[in-house]
Amino acid sequence: MNNFYIKTLILFLSFFCFFSQVYAAEILQVSSSSVLLIGDNNRTYTVKIACTEISPDFEEKSIVWLKRQLPRHTKVNLKPKGSLDGMLIAKIIPFNSKIDITEKYINEGLATNNC
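S.K.: So what about the sheet that holds strand β3 (residues 44–49)? Which residues, and what values?
M.R.: The 5 strands are arranged β1-β2-β3-β6-β5 in a closed barrel whose pairing can be described as mixed. Here the strands of the sheet are splayed against their neighbours by 50° on average, with no regard to which way each runs.

S.K.: Which residues make up the confidence of the model for the chain, and what values do they have?
M.R.: Interpretation of the predicted coordinates at a detailed level should be avoided for regions scoring low in pLDDT. Averaged over all residues, the pLDDT of the chain equals 83, while 80% of them reach at least 70. Within the chain, no element has a lower average pLDDT than helix α1 (residues 2–19), which sits at 61, and none a higher one than strand β2 (residues 35–39), at 93.

S.K.: Before we move on, can you summarise unusual backbone geometry with the specific residues and values?
M.R.: Positive phi, close to 65°, is recorded for C51, a residue that is not glycine. For C51, a relative accessible area of 12% corresponds to the buried category. Positive phi is not limited to glycine here, since D85 has a value of about 50°. Checked against the element boundaries, D85 lands in the loop between β5 (75–84) and β6 (87–94). The class of D85 is exposed, set by a relative accessible area of 78%.

Rules used in this analysis
- Residues numbered from 1 in each chain as written.
- Predicted model: local features only at pLDDT ≥ 70, side-chain atom pairs only at ≥ 80, totals over all residues.
- Heavy atoms only, no water.
- Pairing = 2+ DSSP bridges.
- Helix = DSSP H or I, 4+ residues; strand = E, 2+ residues; numbered from the N terminus.
- Axes fitted to C-alpha atoms, helices over the stretch in contact; angles between N-to-C directions.
- pLDDT = per-residue confidence, 0-100.
- Buried < 20%, exposed > 50% of the residue type's maximum accessible area, 1.4 Å probe, protein only.

So, in structure tokens, the structure goes:
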């Protein structure tokens, strides 16, 4: 009898997990060439793009490029790498791509890898 209740509870919880709405992280603002404001419907995070070092000469060009790559409300996956002064440091991968934004930055010649 106890086994029946456990199975029913698992089925009930699975039903709610399957049909519950999941909110992905999305870009709210490009603050600088390596800092983004990201939200997940009820929280916002300041996120520094991991493993990038942008030359001051390319700062303006990098911001324009980043805004084209990650326009407002773009859904992204975050792979945290650490934190610094309350700011999350993470790899950022747009849902429509399998390539992390750092790799794209480096391929464009706008940044160097500092990891």
